[in-house]
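# Observations on the three-dimensional arrangement
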Amino acid sequence: MDSYDFKEAEKRIIKFWEREKIYKFDAKSKKKIYSIDTPPPTVSGKMHIGHAFSYAQQDFIVRYKRMKGFNIFYPFGTDDNGLPTERLVEKTKGIRAKDFSREEFIKICTNFLKEELPAFIQDWKNIGISSDFDIYYSTINEHCRRISQWSFLDLHKKGRVYRKDAPAMWCPECQTGISQVECQDKILKSKFVHLVFRVDGKDIIIATTRPELLPACVAVFYHPSDKRYKALKGRMAEVPLFKFKVPVMEDERVSMDKGTGIVMCCTFGDQTDMEWQKAYNLAIKEAISKNGRMAEIAGQYKGMRIKEARANITEDLKKQGVLVKEEGIEHAVNVHERCGTEIEFVKSKQWFVRYLDLKEKMLEWGNELKWHPSHMKHRYDNWIRGLQWDWLISRQRYFGVPFPVWYCKKCNEVVLADETQLPVDPVKDKPKKKCKCGSADFEPENDVLDTWFTSSMTPQLAIQLMPKNMQESLFPMSLRPQAHEIITFWLFNTVVKSNLHYSKNPFSDVIISGFVTLHGEKMAKSKGNVIEPQAVVEKYSADALRFWAASSKLGEDMEYRENEIVAGKKFVTKIFNAARFIFMNIKNDKDKKTRQPKKMEEIDRLFLSRLNEVIENSTNAFDSYEYSKAKSEADYFFWHVFCDNYLELVKRRTYSGTKEEKENALYTLHSSLLAILKLMAPFTPFITEELYQQHYKNQEKEKSIHLAGWPEKFRIAEKKDDADKFNLLIEIISKVRQAKSEANKSIKAEIILTIEKETKDKLKGIMQDLTSVINAKEIKEGEFKVEFI
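An account of the accompanying structure is given in this report.

What counts and how
Residues numbered from 1 in each chain as written. Predicted model: local features only at pLDDT ≥ 70, side-chain atom pairs only at ≥ 80, totals over all residues. Heavy atoms only, no water. Helix = DSSP H or I, 4+ residues; strand = E, 2+ residues; numbered from the N terminus. Buried < 20%, exposed > 50% of the residue type's maximum accessible area, 1.4 Å probe, protein only. Contact = heavy atoms within 4.5 Å. Areas by Shrake-Rupley, 256 points an atom, 1.4 Å probe, with all protein chains shown as cover. Pairing = 2+ DSSP bridges. Lys, Arg positive; Asp, Glu negative; His and termini not counted. Salt bridge = Lys/Arg side-chain N within 4 Å of Asp/Glu carboxyl O. Polar contact = N/O pair within 3.5 Å; in protein donor to acceptor, adjacent residues only side chain to side chain. Axes fitted to C-alpha atoms, helices over the stretch in contact; angles between N-to-C directions. Disulfide = S-S within 2.5 Å. 1 Å grid on protein atoms, 1.4 Å probe; cavity = no way out; pocket = protein on both sides within 12 Å on 5 of 7 lines; lining within 4 Å. Points joined across faces, edges and corners; volume = space filled by probe spheres on them. Nonpolar A, V, L, I, M, F, W, Y, C, P; charged D, E, K, R; others polar. Core = buried A, V, L, I, M, F, W, Y, C linked by side-chain atoms within 4.5 Å. Phe/Tyr/Trp six-rings, centres within 6.5 Å; stacked < 30°, edge-to-face > 60°.

Before going further, it helps to spend a moment on the overall build of the protein chain. Each helix and strand in the protein chain was counted, giving 23 helices and 29 strands. Looking at the protein chain as a whole, 56% of its 789 residues qualify as buried. Restricting to contacts in the protein chain with at least 6 residues of sequence separation, those with at least 24 account for 77%. Only carbon and sulfur atoms are counted for the fraction: they give 47% of the accessible area of the protein chain, which is about 35,600 Å².

The element strand S12 (residues 262–266) is largely enclosed, with a buried count of four among its five residues. Examined bridge by bridge, strand S9 (residues 217–222) and S12 share five bridges and lie antiparallel to one another. Bridge pairing in S12 links Val220 to Met264.

Before going further, it helps to examine the side chain of Lys497. The topology assignment puts Lys497 in helix H13 (residues 487–502). It turns out Lys497 is buried and unbridged, and the closest side chain with the opposite charge, Asp450, is 8.8 Å from it. Polar contacts involving the side chain of Lys497 include one to the main-chain carbonyl oxygen of Phe453, which spans 2.7 Å. Sequence-distant contacts of Lys497, defined by excluding residues within four places in its chain, comprise Ser151, Leu155, Trp391, Phe453, Ser456 and Met457.

A few words on the sheet that holds strand S19 (residues 414–416). On the basis of which strands lie adjacent, the open sheet formed by three strands has the order S19-S18-S20 and antiparallel pairing. Strands with a single pairing partner mark the edges of an open sheet, and in this sheet they are S19 and strand S20 (442–444). Neighbour to neighbour, the strand axes of the sheet diverge by 35° on average, direction disregarded.

The full count for this structure, using the stated rule, is zero disulfides. No disulfide involves Cys217; its sulfur sits 4.7 Å from the nearest other cysteine sulfur, which is in Cys266. Owing to a relative accessible area of 0%, Cys217 belongs among the buried residues under this scheme. Cys411 takes part in no disulfide bond, and the closest cysteine sulfur, belonging to Cys435, lies 3.6 Å away.

In this section: the environment of Ser225. Tracing the backbone shows Ser225 in the loop between S9 and strand S10 (236–238). Spatially, the C-alpha atoms of Ser225 and Met256 are 8.6 Å apart, while their sequence positions differ by 31 residues.

What follows concerns the sheet that holds strand S27 (residues 751–755). Reading across the sheet, the three strands line up as S28-S27-S29 and stay open at both edges, with mixed pairing between neighbours. Across the chains shown, the open sheet's two edge strands, defined by having one partner strand only, are strand S28 (776–781) and strand S29 (785–788). Sheet twist, expressed as the mean angle between neighbouring strand axes with direction ignored, is 20°. Two strands pair when backbone bridges link them, and S27 and S28 are joined in this way by five bridges, in the parallel orientation. Bridge assignment links Ile752 to a residue of S28, and that residue is Glu778. Most of the contacts of helix H23 (residues 767–774) go to S28, to which it runs at about 130°, and overall it touches S27 and S28.

On to unusual backbone geometry, then. Residue Leu422 is joined to Pro423 through a cis peptide bond whose omega torsion reads 0°. Within the secondary structure, Pro423 sits in the loop between S19 and S20. Here Phe475 and Pro476 are connected by a cis peptide whose omega angle stands at 0°. Within the fold, Pro476 resides in the loop between helix H12 (468–474) and strand S22 (477–483). In the Ramachandran plot, Ser541 falls in the positive-phi region, its phi being about 110° despite a non-glycine side chain. Tracing the backbone shows Ser541 in the loop between helix H14 (533–540) and helix H15 (542–549). For Asn744, which is not glycine, the phi torsion reads 55° and is therefore positive. Along the chain, Asn744 falls in the loop between helix H21 (722–742) and S27. Given a relative accessible area of 72%, Asn744 falls into the exposed group.

Okay, empty space enclosed by the protein next. The tally for this structure, following the rule as stated, stands at three cavities of 30 Å³ or more. In this structure, the largest cavity occupies an estimated 110 Å³ of space. Lining the largest cavity are 15 residues, with Leu83, Glu182, Arg395, Asp450 and Thr451 sitting closest to its centre. Looking at the lining of the largest cavity, the elements with two or more residues in it are strand S6 (176–177) and strand S21 (448–449). Within the lining of the largest cavity, the residues separate by chemical class into four nonpolar, six polar and five charged.

The subject of this paragraph is the nonpolar core. Judged by nonpolar contacts, the single largest core of 198 residues is most densely connected at Phe152, Met362, Tyr380, Ile393, Trp548 and Phe642. In terms of residue count, helix H18 (residues 627–656) provides more of this core than any other element does, twelve residues in total. Setting aside chain neighbours within four positions, we find Phe642 in contact with Ala578, Ile582, Phe607, Phe637, Leu647, Leu669, Ser672, Leu673 and Ile676. Counting residues in hydrophobic clusters, the runner-up holds 36 residues, among them Val193, Ile206, Leu214 and Ala216.

Of all six residues that make up S9, six are buried, and the element is covered over most of its length. Where S9 lies against strand S11 (residues 245–250), three bridges are found, and the strand directions are parallel. Bridge pairing in S11 links Phe221 to Met249.

Looking now at the packing of aromatic side chains. The relative placement of two aromatic rings is captured by the distance of their centres and the angle of their planes. Throughout the structure, instances matching the rule amount to 43 aromatic pairs. Taking 5.4 Å as the distance between ring centres and 40° as the angle between the ring planes, the aromatic pair formed by Phe221 and Tyr280 counts as tilted. Remark: Tyr280 occurs in helix H6 (residues 271–280) and Phe221 occurs in strand S9; sequence separation between them is 59 residues. Looking at Tyr280, the relative accessible area reads 29%, which means it is partly exposed. Measuring from centroid to centroid gives 5.4 Å for Phe475 and Tyr502, while their planes differ by 65°, and the two rings are edge-to-face.

To continue, consider the environment of Tyr655. Relative to the elements of secondary structure, Tyr655 occurs in helix H18. Residue class for Tyr655 comes out exposed when judged on its relative accessible area of 54%. Tyr655 sits 70 residues away from Asn585 along the chain, and the two C-alpha atoms are 8.1 Å apart. If sequence neighbours within four positions are ignored, Tyr655 has contacts with Phe581 and Asn585.

Here is the structure:
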């Protein structure tokens, strides 16, 4: 074969891997298990470049561990319940969930997934992800719904879940409650408006960014140490525009140097408002309804959207002369990470997981994990220290895992499903038993569980697909790979749930990847700066894409640069051509020297000694999850030692050497190329498989390079000065080549070389190789000099 057609080869090799079940987990094997808690990608479109980047990096580790002899448990799942899938279905089908009954919309979503999932999953296969795709779960299928609902029942049994009519974070756009983890800070432009409240005929100026919450004002607070307002304690303040009065109170949570040092408490503008309401048993007024419009108490502003009401109220405050100042500001606002909408606090009945009392234990659980890179643990710790709320797990959506809950219509008792019923849909199903009060008339819970409540059970979602007698050997899992932006979502909740259910961490090691940027910004469809990995694979190959992904260390965000993709494609071409050159000279199986010669040529011994160093360094790097270092070591050796120098050094013996010289050369070429292929197999699995199948399969025991052993160091007699001797040789060759280049001479130009006696003595035993490769007529002793004949 004269050239390598990656488009044809990669499709063919994927089929080979699937047909031969190369990556199948062997449930009967006695090998030590290495298990991966594979991130289930969210079904919200097709695979994006961040997916390709992150999943390739975890796959480097998995492929290495497989070659090291582990029995790999590497399942694959898709996260396809909840808001992301709902939104994708609505967008793709041009429909709105609220226009359908719950049952109808669920059916639409289910049918959509049946159509879309095969192509979605194929994207992961196309970039060489070596999962056992037969161990598959979907977070909305019956298997996963059963486990998720069991989790709820178990936490209820342990007193860890509760339902409460309380203020909760609410997304007006998605019209659902959300948890703290689903919020993110966004810097937005706003205005501080300074308003006149009146206390006993005296003007008090209060600054706010939320004038639309005036109808929900229930108190005014100042700091106990603030002498400016001490005299107002216990008085009543008149709220501008709405003309009702609220008490003036003192509390240490007021910041004296923010605004005017006196603030209004509204139900609810933020967490502090909620704390004040609870602490002082203040009234609860709802100014904003769940649909993001002003409520009844807003009077003439009822029905307006929030920003519309803000503008109208601001204008009316001006007209009444009670707005004395406006100043533009930029401040951090909590928004829903799914849609970017500013969150509100709305009073409603919601289910929560109680865990604020466990913050110290959560930190201990984090300390028990092995973090790679170690500094990523700070994100976990900081998140825990900043936790303010229990975990809200109710979602007012259609497509999700239902709560296994009903409510007795007679006594309002919570009635739970029996574990033998799971999974249940309380809208369709009934409890197995009557209520304690004797009634059999029930109201179903219509909310669904937060998608992270299910995703935080991924170890169980995968492990419980296996026979019961081996589930214990798979848990805790060996590795959790994931991106850094979901440490607070997925990793944190998985660790918490595992300890609440099983009193142990769900995995031992954690590797954290970064994300991909373009011109310094994270890629996002909304910014129009998205690179599609499918197009990259089509143009350059999956191996080239993976080669690029291996250039970044764990945890590092990486700028997308096409030149690194091009470098990956060049590597593929170069290693194919190097193999072609070698096997042009190995004309038949008899020439394929798989046994090491009893007496090795010195240059071959030195070269293999250098390769041993690379094997050792790459192995150590992989064992520390430093795959980028392992790739860099092997890639540099291939280009600069193997191709640039050794292939040139060995040509004389390959073409015209003695029988022994030729045998030594062919053994070294044959064996060293196989070692290089194995070193690069985790990064470029397709070209390495292709060359293995063409040239090595008949001699090796395994049917795939990815089942073949990780390269072991060559058993050769090594000396302390081997590295110095080999490096000195390469240095002289480089200096001669540079001299020829500067003199505009051919690389084959004949020369007379002069080197110091000490150098010549050090190179004893390989002088013939040096003479041949630089085409020297003579090598003299003296100060370094290159003379052209």
